[in-house]
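Topology and contacts: notes
Now for the letters of each chain:
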Amino acid sequence: MDQYPTLNLIVRRGETVAAVAGLALALGALAAFVAGAHWLVLPAGAFAGGFAWLLMRSYVELVRVMADMLIPK
């Protein structure tokens, strides 16, 4: 699997990548609130972060399934 470094990264570190993506959105919303944005940015950011985490987790699972089935070992 050395010829697919990006897939290798996603298969090995996908959980971390998904968590970082979700946290980045949530922390971005917190930073916007601290900078003076409306208070509704906080729940919207929390929802967007959770949704991004869920989407990334499903993507990681799909990549893992494809890697297990299609890439020779």
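Just above, that's the structure.
About the thresholds
- Residues numbered from 1 in each chain as written.
- Predicted model: local features only at pLDDT ≥ 70, side-chain atom pairs only at ≥ 80, totals over all residues.
- Heavy atoms only, no water.
- Axes fitted to C-alpha atoms, helices over the stretch in contact; angles between N-to-C directions.
- Helix = DSSP H or I, 4+ residues; strand = E, 2+ residues; numbered from the N terminus.
- Parallel < 35°, antiparallel > 145°, perpendicular 65-115°, else oblique.
- Nonpolar A, V, L, I, M, F, W, Y, C, P; charged D, E, K, R; others polar.
- Salt bridge = Lys/Arg side-chain N within 4 Å of Asp/Glu carboxyl O.
- Buried < 20%, exposed > 50% of the residue type's maximum accessible area, 1.4 Å probe, protein only.
- Expected span 1.5 Å × (residues − 1).
- Contact = heavy atoms within 4.5 Å.

Overview of the packing of helix H1 (residues 5-34) against helix H2 (residues 41-70)
Between H1 and H2, the shortest axis-to-axis distance is 8 Å and the interhelical angle comes to 170°. Overall, the two elements H1 and H2 adopt an arrangement that is roughly antiparallel. Taken together, the residues of the contact of H1 with H2 break down into 23 nonpolar, four polar and three charged.

Topic: the pattern of salt bridges
Under the defined criterion, the tally for this structure stands at three salt bridges. Among the ionic pairs, Glu15 bridges to Arg64, the shortest N-O distance being 3.3 Å. One end of the pair, Glu15, is in helix H1; the other, Arg64, is in helix H2, with 49 residues separating them in the sequence. Look at Glu15 and you get partly exposed, because its relative accessible area is 33%. With a shortest N-O distance of 3.6 Å, Arg57 and Glu61 are connected by a salt bridge. With Arg57 and Glu61 both in helix H2 and four residues apart, this pair spans about one turn of that helix. Overall, the relative accessible area of 42% leaves Glu61 in the partly exposed class.

Brief notes about H2
Look at H2: 42 Å from first C-alpha to last across 30 residues, which is about the 44 Å you get at 1.5 Å a residue. Within H2 the residues assigned to the buried category are Gly45, Gly49, Ala52, Val60, Val63 and Ala67. Residues of H2 that are buried make contact with H1.

In short, geometric facts, not functional conclusions.
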